[in-house]
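# A look at the structure
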Amino acid sequence: MQEIELKFLVPESRLKGLMRQAQVKSSQLTQLAAHYYDTPDQQLAKAGIGLRIRKEGESWVQTIKAGGDGIAARLEHNVVLDNEQVQAMLDANSLMPDLTIYKDTPIAPALSKFKLKKLAKTLTRLYVTDVQRTTRLLVEDSSDQIDNQINNSIEIAYDHGEIIHGNDDAQREVIQEIEFELISGDLDFLFMTAKTWCQRYKLCLSTVTKAERGGLLINGQNHSLAVSADLSQLNINKKTSMPAFVRAAAHNCLLQILPNSSAIVAGSTDNGHILQLQIGIRRLCAALNAFASFSDEINPDWQPILSQTATLLGDYQELDYLANYIEPKLQEYGAPITNWATDIDALKIKPIDAISVPDFQLTLLELIAFTMSDPSLEPQNNKLATDKIVKVLSKQYEKLLHTDEELGEGNNVESESMDLEDVDLKNIDLEDVDLESTNSNLDTDDQADFELHQLTDLRYITEFCAPLLSKKGSKKRTERQLKFLLKAQKSLEKYHGYAQYQQRYQLKSAIDNNALYGAGWFAAVLKNDTKRSDKCLAKVRDRSIFW
């Protein structure tokens, strides 16, 4: 069967109020003791599979979870085990799952890459969980419904406990989360309820499963690695309708956004998580804007909230990158130390603050609901996306060609971090740099920002549309164009990044003379880098139509 659930982290400040709602008279309290299994090198986890044996009240249940949409839906298979057999294995310290029960079941395809007999011999208990679960069944009042045959019901489960390392009891991690699982009925009831609780108790979405957290514990990691865009998971084809296409594009962006936002709400300040979240949001905004006409269900309020969040993340990400990457690089070439820690500490909004606000969390919930909603119910379901993408691409390409005419609109850009490896810092002569002159020459920053905005949008939109460009030779032309777009985007991002860093150092120099060194470096780099950016952008503009 497929389970559909939404998981949230619970802030300590809202726990008492939440528990008053969770611990009603009809709620149940269950102690859950679970043993999680995998190979020593975690082959199951790498395949997105979780395997456990758990005591649920008086029963022992073997559960495997796999697949799904990568966000809220997963395949789940449960089997109640014989209590006496389980107890005998526990007494002999030999409790192991039985993999033979999955033959000819819906979960079998997820295990098809494994030889089950060989897998069974290599399984080991990696970690256990000891959780107290408070569950409450919530049923929608059906008095106003025309059709009362299917009740809308969800199970709310609050879990509090620990994950414990299988070989070292001293290594533990606290679990404090709440789940909303659809038991029967309509998805709308699930999301409506989750949104109400999210807003009331400032809950934060998390896609990190207990199995994933256990894997992190045994690997000595606090968070999973940052997740970048993966277009191989863009599920579209030439028969995809317009409403289905924009849902698929949004879903692909959420696969990048949600793991990174989950790490940040769990406490990560890693530059990679912040950067990839920004990029995911940027891709999503590009898709929602370009394909707005593909669906009547797109909420125009989503983009302002997404853009504001990306902007708030940008200040921290830029200062963190300056402190932990740019500064060490400059110091390798003799630059005096510029301390950015005080600037980071002075920021009123940290990454966790930017994304834990209810507006952003509710927007994520609405976007998940949108991607899971049925596109066949929309009026334009009979229109193919292939009939409209050429118009979309042409419109975006025209925007890039006429950038100079549109500079008054103003745009925010989230740039990828720049690499200094190809900058010859040794041969830059600071004596030749006039900082005042350089600042005045940076009046073209608005143009560079807007050009980067349009170029980045064109790249992302082209990537979404590429699988549907089916004319003869268009695949190769599209691949070539994407290479030109990526090269030009990186070049403009580099210019934009260096301009930002130069201005940061220049402003910092008012209170720290050491910062003049960094300001000089980047002023010199910018002086030599403008022509390269212009050349790359010209190649994109001069390319013939590729679709």
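Rules of the game
Residues numbered from 1 in each chain as written. Predicted model: local features only at pLDDT ≥ 70, side-chain atom pairs only at ≥ 80, totals over all residues. Heavy atoms only, no water. Helix = DSSP H or I, 4+ residues; strand = E, 2+ residues; numbered from the N terminus. Buried < 20%, exposed > 50% of the residue type's maximum accessible area, 1.4 Å probe, protein only. Contact = heavy atoms within 4.5 Å. Areas by Shrake-Rupley, 256 points an atom, 1.4 Å probe, with all protein chains shown as cover. Pairing = 2+ DSSP bridges. Salt bridge = Lys/Arg side-chain N within 4 Å of Asp/Glu carboxyl O. Patch = residues over 30% accessible without salt bridge, like charges linked within 9 Å, V, L, I, M, F, W, Y side chains within 5 Å. Lys, Arg positive; Asp, Glu negative; His and termini not counted. Charge placed at Lys NZ, Arg CZ, Asp CG, Glu CD. 1 Å grid on protein atoms, 1.4 Å probe; cavity = no way out; pocket = protein on both sides within 12 Å on 5 of 7 lines; lining within 4 Å. Points joined across faces, edges and corners; volume = space filled by probe spheres on them.

Our next topic: the overall build of the protein. Helix and strand counts for the protein come out as 17 helices and nine strands. Taking all 547 residues of the protein together, the buried fraction comes to 50%. Across the protein, every contact between residues at least 6 apart in sequence was considered, and the portion connecting residues at least 24 apart equals 78%. By element, 48% of the accessible surface of the protein is carried by carbon and sulfur atoms, the whole surface being about 26,600 Å².

Of all eight residues that make up strand S4 (residues 59-66), seven are buried, and the element is covered over most of its length. Relative to S4, strand S3 (residues 50-56) runs antiparallel, the two being bridged by seven bridges. Its bridge partner being in S4, Ile53 is matched across the sheet by Gln62. Turn length for the S3-S4 hairpin, with the two strands adjacent in sequence and antiparallel, is two residues, and the turn residue Gly57 shows positive phi of about 70°. Where S4 and strand S5 (residues 73-80) come together, six bridges link them in antiparallel fashion. Counterpart to Ile64 in the pairing with S5 is His77. Here S4 folds back onto S5, and the loop between the two strands holds six residues, one of which, Gly67, carries a positive phi near 65°.

With that settled, the discussion passes to the pattern of salt bridges. Taken as a whole, this structure holds 19 salt bridges when the rule is applied. Note that Glu378 is salt-bridged to Arg247, the shortest N-O span being 2.7 Å. With Glu378 in the loop between helix H12 (358-372) and helix H13 (389-401) and Arg247 in helix H7 (residues 242-265), this pair connects stretches of sequence that are 131 residues apart. Residues joined by salt bridges that share partners form a network here, namely Lys7, Arg133, Asp159, Glu173, Glu177, Glu179, Lys210 and Arg213.

On the surface, a nonpolar cluster with roughly 270 Å² of combined accessible area is contributed by Leu137, Val139 and Ile183. Of note, Ile183 is situated in strand S8 (residues 172-184).

By the secondary structure assignment, Lys113 is in the loop between helix H3 (83-91) and helix H4 (116-122). A relative accessible area of 64% places Lys113 in the exposed class. It is 9.3 Å that separates the C-alpha atoms of Lys113 and Ala47, two residues lying 66 residues apart in sequence.

A few words now on the pairing of S3. For S3, the tally of buried residues reaches five of seven residues, placing the bulk of the element in the interior. Of the strand pairs in this sheet, strand S2 (residues 28-38) and S3 are connected by six bridges, and their pairing is antiparallel. Across the sheet, the residue bridging to Ala33 is Lys55, located in S3.

Turning our eyes to something else, we now look at the environment of Leu182. As for its position among the elements, Leu182 is in strand S8. Each C-alpha atom, one on Leu182 and one on Leu138, is 9.8 Å from the other, the two residues being 44 residues apart in sequence. Residues within four places of Leu182 in sequence aside, it is in contact with Ile4, Ser153, Ile154, Leu187 and Leu190.

What follows concerns a positive patch on the surface. On the surface, Lys383, Lys388, Lys391 and Lys395 cluster together to form a positively charged patch. Along the chain, Lys395 turns up in helix H13.

Glancing now at empty space enclosed by the protein. Taken as a whole, this structure holds one cavity of 30 Å³ or more when the rule is applied. Counted as a void, the largest cavity has a volume near 30 Å³. Lining the largest cavity are Leu32, Ala34, Tyr36, Arg54, Thr129, Val131, Arg133, Asp159 and Lys210. Among the secondary structure elements, those contributing two or more residues to the lining of the largest cavity are S2 and strand S6 (124-139).

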